[in-house]
Each structure stands twice: as C-alpha cells, then as structure tokens.
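Here is what each chain is made of, one letter per residue.
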Amino acid sequence: MSETTRTASRPPAARADGQLALLGGPRAVPKDSAGGVWPIVTEADEQAVLRVLRSGQLNAASPGEPEVGRLEASWAQATGVRHCVAVASGTAALHVALRACGIGPGDEVIVPALTMNATAHAVHAAGGTAVFADIEPDTYTYTMDPHSTAEAAGPRTAALLPVHLHGLPADMHALNRLAARLDVPVVEDAAQAHGTQLDGERAGALGTAGCFSLHPHKNLPTCGEGGLVTTDDDGLHEQLVRLRNFGELAPTGARTYISHRTALNARMAPVAAAFTRSQLARFHDDTRRREPGIRAFLDRLEQLPGLHVPRAPAGRTHSWHILRLMPEPEELGLDPEHRAGLRAALHRALRAEGVPVSQWQVAPLPAHPAFRPAGLSEDAALDRVAERFPVTADVVDGSLCLQRRHLDPDAGPLLQRYADAFEKVWQHFDLIRRMAGSRPAPGWREVLRRG
Ligand SMILES: Cc1ncc(COP(=O)(O)O)c(C=O)c1O
C-alpha cells in the first residue's frame, strides 16, 4: 500500500472545530499545508524537453521529427483506438474533428449548455452553429441529457458534441443511439476526461472521434498548449492529418506545400509532445494513486446534509478532473431563490478556512452574448435560457468546484483538511443560512448584465 493510500484513508487526527475563520477563528486548512501541486514536473519531464531542444527539431514539420508521432502512437494505444492526431490545443482538436466530420455552414451541432466556451466556439469556427441541450436532471452527473438532446435535434443537426464533463463520460449509449437514428457523427469533447471509461471502453473511443486538451491544468498536461484527436476511422484520420497542416497531405518525402483543402496550422510543438509523453509514462499510476484520497474526501462530504457530491453511475469511471459540489437549498432549509446566496455564503466561509472553492462557469453557455440567437432582447434571450436549460441554470448558480490541487496524487492529507473545513462550516450552518437568506448574491443573469 502506498503512503498516499494509507494517509488518505486514515481518519483525521484532529477535527478543526471552533470559530469560523470568517469570524476570526483559526483556519481549518493551515497556510503551510503540504500537497496540492499540479502539474508535477519531474526531472524526467525536464530531460524530455531538453532532449528536443538539443535535437534541433523544434517543429512538427521538420523532416523526421519523431516526438509528435511517438505521443500519437502512445495515446492511441492508451485509448484503444487505431489513430491519434496531435494538434495545437483542445480547441483545435474539436475544430479539426468537426471539420473532418464534414461540419460546415448551415450545419447545427448539439452541445451541452454547461461546458467551457471552447466547445461551442469550435462549432462556429468550423462554420456551423451550436445548438444547446440541457444537462441531465437529478443525477449530479452534469453531462448532456439525451432527452434534451433529442428535443434540440432538427433537420439541420449534423453532429452531436457531448462533453465528458469534469471527467465523467456522458451517457454515450443513449447519445450514440440518437446519433444513429439521426445518421450523424458523435464527436466527444473529452478535454477533461483522459483515461475515463464507460463499460470498459475509454473516452475517445466512444464516438466517431474523441478530442482531448493537454492544457497544463488537465489530468494529462503539457508544458504550454496541446490537444489530441482519436479515431478508429481511417478516412477521418487522413482528413485530420490534412486539417492540422494547411490541408497538405501527410508528408512521404519532402514537403510540397500543396493544399488539398483550406485549413490552418494546428500542429503541436515537439517540445509539448515530448513533455506529455513523459507525463504519460506515469499517468495511469497517478490516476490510480489519486483515487483513494478523492474517494475518502467525497465519503466525508457525502455525510453532510444537503450537500451532493459527484459519483460515477454504474459502468462509468470518473477521472475527477473537477470536483463539483452541489448544496441543495431546500434540503438546507432555504428557498430555492436563495441558491446563489447559499453558494456565495459557502464560498466565503470555505475560502476563509483555506479551501480554494471556485465557480467553474458562471452562466449557461447559450446565455453568453456570443451564442444568443439574433433578434431577441437581452431579457427575452435570458428568459429563454432559464426556461430551456433549467438544470444548467441551477448548477451554475448553486454549485462550487474544486480544481487542480486534488490532482496531485499525494493530495489525500490535504483533502482531509478540506473535509475538516466543510464539517466545521456545516457545524455553523445557522450562520450560513442567515448569510444566504439575507444577502442577495448575483446569479448568472446579473453576472451577464454586468458584463
Ligand atoms: C470541456 C472543454 N472543452 C474544450 C477545452 C479547450 O481546450 P484547450 O484549452 O486545450 O483549447 C477545454 C479546456 O479547458 C475544456 O475544459
């Protein structure tokens, strides 16, 4: 048993009871608490980067450049697919995947209302239009709802783009069935879901193509920007290779610079590829070592009344990229209208204790000015979002997220201190309830109106 496993599952030595830090009491999480560094950069990672710098082959288009191809082969194997194409970012991965699937002007692509803006931007950059679906109600999975997706589908639907949000695979069985009925491809946004599985198959192997981000804060990071596209389809692979490099064919000798379709430069830097491949050597081990600390943390939080923690439904694994925590006002003696106030009160109290909770996405994506339908007043557009995407609206207003620090495989003890802080705050819930009820906090509409 590793050190992390032992310390993570051990009950906390001393509970941080007493006065809330918000009111001048001691922090539950001392400032000098160890752990919580991500990404971790080892000497092997540094050596991998140095190897490229010293090789002189600094660009993926350099003849014989080996690093990008090696990463592609390793990730294809790790994902269980035939092909992987490395690109410049997760957004570029989505963009080239959509274009390879034939998305262009006049096409609609269904994306979830709760995701990072990149998901919808990629659709528009490909020439299509993002059409939104709500996330699943009552499940705390936060992934695209197949029923809402079916309702959003129409004659122009040309692809589905589900997001494996926070590391949990979307309900791909239902979404793939819908896509088959509509006769459209499914592009997975697996930017947050490296290595996660549905019924034994990995994210990136669950649809027509899978798109990963290698942003330094992701579970599989790079030193800068990077992305990966996976597919089993030979024809799609050929298009992906062209689309990342000005529409040129995969070089078999000297580069000809002849473009076979219009495309930009979306190549990954060899330095980035070498760094990620070095990280990949310990990725599966890190994923396994991280699990007990996170589970022990969520087990403690789950005991707190009214707080809903993420769990993987049967058949799905979770890579815990982001931990989203949802307090339900009604279960905590508050009216639903105090949802944003409750989140804000908890945010203040927990941050004072030293827990770095944050809001990941402050508004449903279809409410962002860039993605609102033309011709509607702001009020009408926001009313429509509230009506069509009620689950997303409640989640952005009401939930808090933990990002990044829990990715350190040795963060188990730090997470136990976080759990101490939550328990301490819950012991003072009367105050939280009063703060939530008395102090109106801006919800997503106000945030958008303020710009
Ligand atoms: C769900 C989702 N999709 C797409 C992206 C875009 O990835 P990148 O930042 O690598 O372009 C991200 C990145 O944060 C993401 O979280």
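Rules used in this analysis
Residues numbered from 1 in each chain as written. Predicted model: local features only at pLDDT ≥ 70, side-chain atom pairs only at ≥ 80, totals over all residues. Heavy atoms only, no water. Near = heavy atom within 4 Å. Polar contact = N/O pair within 3.5 Å; in protein donor to acceptor, adjacent residues only side chain to side chain. Areas by Shrake-Rupley, 256 points an atom, 1.4 Å probe, with all protein chains shown as cover. Helix = DSSP H or I, 4+ residues; strand = E, 2+ residues; numbered from the N terminus. Nonpolar A, V, L, I, M, F, W, Y, C, P; charged D, E, K, R; others polar. pLDDT = per-residue confidence, 0-100. Contact = heavy atoms within 4.5 Å. Axes fitted to C-alpha atoms, helices over the stretch in contact; angles between N-to-C directions. Parallel < 35°, antiparallel > 145°, perpendicular 65-115°, else oblique. Left-handed = near helix turned anticlockwise from the far one by under 90°. Pairing = 2+ DSSP bridges. Domains from an automatic or database assignment. Buried area = accessible area lost by both parts, 1.4 Å probe. Salt bridge = Lys/Arg side-chain N within 4 Å of Asp/Glu carboxyl O. Buried < 20%, exposed > 50% of the residue type's maximum accessible area, 1.4 Å probe, protein only. Disulfide = S-S within 2.5 Å.

Description of the site of the ligand
Part 1 of the argument: Of all residues adjacent to the ligand, which total 14 residues, the nearest are G90, T91, D189, S213 and K218.
Part 2 of the argument: Between G90 and the ligand, the recorded distance is 2.8 Å, taken from a backbone N or O atom to an oxygen atom.
Part 3 of the argument: One of the side-chain N or O atoms of S213 is found 2.7 Å from an oxygen atom in the ligand.
Part 4 of the argument: Within the complex, the protein chains bury 92% of what would otherwise be the 380 Å² of accessible surface of the ligand.
Part 5 of the argument: Listing elements by their share of the shell around the ligand, those giving two or more residues are α4 (90-100) and α5 (117-125).
Part 6 of the argument: Broken down by element, the shell around the ligand gets its largest block of residues, three residues, from α4.
Part 7 of the argument: Considering only residue class, the shell around the ligand consists of five nonpolar, seven polar and two charged.

Some words on the confidence of the model for the protein chain
Part 1 of the argument: On average, residues of the protein chain score 95 in pLDDT, and 96% of them are at 70 or above.
Part 2 of the argument: Of the regions scoring below 50 in pLDDT, residues 1-14 engages in 20 contacts with residues more than four places distant in sequence or in other chains.

Quick look at the packing of helix α3 (residues 67-79) against helix α9 (residues 270-302)
Part 1 of the argument: As a packed pair, α3 and α9 sit with axes 8 Å apart at the nearest point and diverge in direction by 30°. The angle between α3 and α9 places the two elements in the roughly parallel class. Both α3 and α9 take part in a crossing whose hand is left-handed. Touching E67, V68, R70, L71, S74, W75 and A78 of α3 are P270, A273, A274, T276, R277, L280, F283 and H284, all from α9.
Part 2 of the argument: Taken together, the residues of the contact of α3 with α9 sort by class into nine nonpolar, three polar and three charged.

Digging into the sheet that holds strand β3 (residues 129-133)
Part 1 of the argument: Strand order in the open sheet formed by three strands is β3-β2-β4, and the pairing between neighbours is parallel. Unpaired on one side and paired on the other, β3 and β4 (157-160) mark the two borders of the sheet. In this sheet, neighbouring strand axes are inclined to one another by 35° on average, regardless of whether the strands run parallel or antiparallel.
Part 2 of the argument: Examined bridge by bridge, strand β2 (residues 108-112) and β4 share three bridges and lie parallel to one another. Its bridge partner lying in β4, E108 is registered against T157.

Things to note about the domain arrangement of the protein chain
Part 1 of the argument: Along its sequence, the protein chain is carved into domain 1 (3-38 + 282-450) and domain 2 (43-279).
Part 2 of the argument: On a C-alpha basis, the centroid separation for the pair domain 1 and domain 2 is 28 Å.
Part 3 of the argument: Between domain 1 and domain 2, the residue contacts involve 36 residues of the former and 45 residues of the latter.
Part 4 of the argument: Interface of domain 1 and domain 2: buried area, both sides summed, is about 3,500 Å²; carbon and sulfur atoms make up 59% of it.
Part 5 of the argument: When the buried area of domain 1 at its contact with domain 2 is split by residue, F283, R316 and F371 rank highest and sum to 20% of it.
Part 6 of the argument: Between the two partners, domain 1 and domain 2, sit one salt bridge.
Part 7 of the argument: Here D45 makes a salt bridge to R282, at a shortest N to O gap of 2.8 Å.
Part 8 of the argument: Taken together, domain 1 and domain 2 are joined by 20 residue pairs in polar contact (both at pLDDT 80 or more).
Part 9 of the argument: Among the elements that line the side of domain 1 that touches domain 2, the one with the most residues is helix α12 (residues 390-398), at five residues.
Part 10 of the argument: Its residues placed into classes, the side of domain 1 that touches domain 2 shows 19 nonpolar, nine polar and eight charged.

Quick word on helix α8 (residues 234-243)
Part 1 of the argument: L236, L240, V241, R242 and L243 are the residues of α8 that are buried.
Part 2 of the argument: Its buried side turned inward, α8 meets β1 (83-87), α4, β8 (209-213) and β9 (227-231).
Part 3 of the argument: Regarding α8, its N-cap is D233, as a side-chain oxygen of that residue lies 2.9 Å from the backbone nitrogen of G235 further along.

As for the state of the cysteines
Part 1 of the argument: Inspection of the entire model under this criterion finds zero disulfides.
Part 2 of the argument: C223 carries a free sulfur, and the closest cysteine sulfur to it, the one in C84, is 17 Å from it.
Part 3 of the argument: The class of C223 is partly exposed, set by a relative accessible area of 36%.

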